[in-house]
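What follows is each chain in one-letter form.
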Amino acid sequence: MDNTIDARGLSCPQPVLITIEQIKKMGKGRIEVLVDTDTSKENVARAAESQGWHIENIEPDGIGYKIIISKE
Amino acid sequence: MVQIKSFFATRWGIVSVGAFIGIFAALLQKLGNPGNMGICVACMERDVAGAIGLHRAAVVQYMRPEIIGFVLGALLAAYLFREFRPRAGSASIVRFFLGVFAMIGALVFLGCPWRALLRLAGGDANAILGLAGLIGGIWIGVLFLKGGYNLGRSSQTHSSAGWLLPLMMAGFLVLMLIFPQIEGEERSGILFYSVKGPGAMHAPLFISLIVGIAVGFFAQRSRFCTMGAFRDLILFRQTHLFLGVLSLLIFAFGTNLILGQFNMGFTGQPVAHTMHVWNFGGMLLAGLAFALAGGCPGRQLFLSGEGDGDAAVFVLGMIVGAAFSHNFGLASSPAGVGPHGVAAVIIGILVCLFIGFTMREKSA
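Residues numbered from 1 in each chain as written. Chains lettered and ligands numbered in written order. Predicted model: local features only at pLDDT ≥ 70, side-chain atom pairs only at ≥ 80, totals over all residues. Heavy atoms only, no water.

Trainee: Now, about the overall build of chain A: what can you tell me, with residues and values included?
Mentor: Check the secondary structure of chain A and you find two helices and four strands. Ordered by position in the sequence, the α and β elements of chain A form the string β-α-β-α-β-β. Rg of the C-alpha trace for chain A: 11 Å, near the compact-globule value of 11 Å for 72 residues, within the 12% margin. Counting only C-alpha atoms, chain A reaches 30 × 20 × 15 Å along its principal axes. (Helix = DSSP H or I, 4+ residues; strand = E, 2+ residues; numbered from the N terminus. Rg over C-alpha atoms; globule rule 2.2 N^0.38 Å.)

This is the structure in structure tokens:
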């Protein structure tokens, strides 16, 4: 099951809050998170890892980044 | 660049930045800043408001170069590491009022979260009440966040829009150089200076400026935030930012011990009062306002430096809030809370609750 979260333009801690919400809802799978600042990129990656998810890839996307996280 | 970039995002990165701030804040006191006020974003923005005459409290007027440095240092870091992102438009008017009331609350306690930590590190036990209030306010903010509180998205804007607050700060620095302090004079050109009181106590201009720029630079890199530290701990059980705050406290304490600046007790503390309920209440208001705005006053300055126009509006709100605080008798003094301080804290909490309860927006 794939999912995309658009956290662009949201201020701290919303990107982390909605990412964790999605992680808890799905339990496992693959999520794409779009963010527009480096702070959000670091925070989302840190939060995902703390939830036991794996950071598959972080790539530039527009002015921000696309973070792909997953759990088997 | 990549190496440094990753270092500041690590546990040791945030701990180093907290240590740097703690040590240099204590040193700034040694060099002339007021007691337990090596760095205080609220007090220093209040002094800036006094320097430009927005309030006329004679003892707190000084164009603090640290504040200017925080924004310019963050701007420098943001450009060097390609993180300058001009953005604005996330309920700016709400952020303005949160800034106003955050300042009103902070000035009832007499300090921002940074100063609360520095006061504790200097032995001022009143800071315990302030920190308890701060945590209480943030905890209420977390309840709102869990309930769906959200100020909505910002959007990308012109680079020049992101430059406005840094330019204002650069302009303040220029004014300070054109109209330098004159010994014993309350005024130099258009700027106001304090002849006595905390506003008259300051480290040499260029030392303050350089330390400010360095703190702004490192804090932008590490995302240091005192409100975020407690919020993330309560909301996510995450300790990352909290380690930075703990580091600031420990290193400021150690430096104070070495410099002979540690003096434990409730009474006779510099720029502090002992009205426990209002030390708590003032910071409860401030903590709630910071949590609703998404950052402590320092963080808002660093965000302003990286182009966040909404954070810049919060900063302007704080400066205007300082003017209200002193013009309306809301701010405390070592004698206790101002004549209307209690009423202002109650109104502020009601305004924050109104904002928290009514501003829920689905982020999707």
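Trainee: Tell me about the interface of chain A and chain B, and please be specific about residues and values.
Mentor: Counting from both sides, the interface comprises 24 residues of chain A and, opposite them, 24 residues of chain B. For the pairing of chain A and chain B, the buried interface totals around 2000 Å² over both sides, and the portion due to carbon and sulfur atoms is 49%. Between chain A and chain B we count three salt bridges in total. Counting across the interface, chain A meets chain B through 13 residue pairs in polar contact (both at pLDDT 80 or more). Of all elements in the fold, only helix H1 (14–26) and helix H2 (38–50) of chain A reach the threshold of two or more residues within the side of chain A that touches chain B. For the side of chain A that touches chain B, the residue count by class is 11 nonpolar, six polar and seven charged. (Contact = heavy atoms within 4.5 Å. Buried area = accessible area lost by both parts, 1.4 Å probe. Salt bridge = Lys/Arg side-chain N within 4 Å of Asp/Glu carboxyl O. Polar contact = N/O pair within 3.5 Å; in protein donor to acceptor, adjacent residues only side chain to side chain. Nonpolar A, V, L, I, M, F, W, Y, C, P; charged D, E, K, R; others polar.)

Trainee: Describe the packing of aromatic side chains, listing the residues and the values that go with them.
Mentor: All names here are of chain B. Applying the stated criterion to the full structure yields 19 aromatic pairs over all chains. Where Phe20 meets Phe218, the ring centres are 5.1 Å apart and the plane angle is 75 degrees; that geometry is what we call edge-to-face. Residue Phe20 is located in helix H2 (residues 11–30), and its partner Phe218 is located in helix H9 (residues 205–222); the two are separated by 198 residues in the primary sequence. By relative accessible area, Phe218 is classed as partly exposed at 26%. An aromatic cluster is defined as three or more aromatic residues linked by ring pairs; in this entry it consists of Phe7, Phe8, Phe20, Phe24, Phe81, Phe217 and Phe218. (Phe/Tyr/Trp six-rings, centres within 6.5 Å; stacked < 30°, edge-to-face > 60°. Buried < 20%, exposed > 50% of the residue type's maximum accessible area, 1.4 Å probe, protein only.)

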